[in-house]
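Architecture and fold: a report
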Amino acid sequence: MIADCLKRYDAGQLDALYDLGVAFSTGSHGVTCDLVEAHKWFNIAASEGHEEAAWCRSDVSEEMTAREIAEAQRRAREWLRQSESRAA
């Protein structure tokens, strides 16, 4: 699931990151429910202009502690840094 979504994203499909957020927020498609990971993927998709992901990130954050949100943001920044390194 995760690898497939990342391949779709690499092919230009921004919805793939949103789909990862949905999977982690609901515990579907073979992944365990993990709101930190869900927030991370919604945050990354939202940072690239996915409007629905921004709404979902907000919804998920209502069920998270400040520490969990900070961890999700840290993971998103790290993923973006690594993504930029791979693209360079």
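Once a new chain begins, its residue numbering starts again from 1 and follows that chain's sequence as written. For this predicted model, a pLDDT threshold of at least 70 governs which residues receive local features, and a threshold of 80 or more governs which side-chain atom pairs are given and counted, while totals over whole chains, interfaces and linings are taken from all residues. Side-chain measures here rest on the full set of heavy atoms in the structure, leaving out hydrogens and waters.

1. Details of the state of the cysteines
Whenever a pair of cysteine sulfur atoms sits within 2.5 Å, that pair is classed as a disulfide. For the structure on display, the rule yields 0 disulfides. Just so you know, C5 is unpaired, no disulfide at all, and the nearest cysteine sulfur is the one on C56, 14 Å from it. Unpaired in this structure, C33 has its nearest cysteine sulfur neighbour in C56, at a distance of 13 Å.

2. Re the side chain of E37
Only runs of H or I of at least four residues qualify as helices and only runs of E of at least two qualify as strands under DSSP, and these elements are numbered from the N terminus. Mapped onto the elements, E37 comes out in helix α3 (residues 35-47). At 2.8 Å, the side chain of E37 and the side chain of R75 are in polar contact. A contact between two residues is defined here by any heavy atoms of the two lying within 4.5 Å. In contact with E37, not counting residues within four places along its chain, are F24 and R75. Pairing of N or O atoms within 3.5 Å defines a polar contact, subject to two protein rules: one partner must be a possible hydrogen donor and the other a possible acceptor, and residues neighboring in sequence count only if both atoms are side-chain atoms.

3. With respect to the packing of aromatic side chains
Here the aromatic set is Phe, Tyr and Trp, taking the six-membered ring for Trp, and pairing holds for ring centres within 6.5 Å; pairs whose planes are under 30 degrees apart are stacked, those over 60 apart are edge-to-face, and all others are tilted. For the coordinates displayed, the defined rule picks out 3 aromatic pairs. Judged by centre distance (5.8 Å) and plane angle (45°), the ring pair of Y18 and F42 falls under tilted. Placement of Y18 in helix α2 (residues 15-26) and of F42 in helix α3 is noted, with a sequence separation of 24 residues between them. The residues Y18 and F42 share a single accessibility class, namely buried. Chaining the aromatic ring pairs together yields one cluster made of Y9, W41 and W79. Each residue's exposure class comes from its accessible area (1.4 Å probe, protein chains only) as a fraction of the maximum for that residue type: buried when under 20%, exposed when over 50%, partly exposed otherwise.

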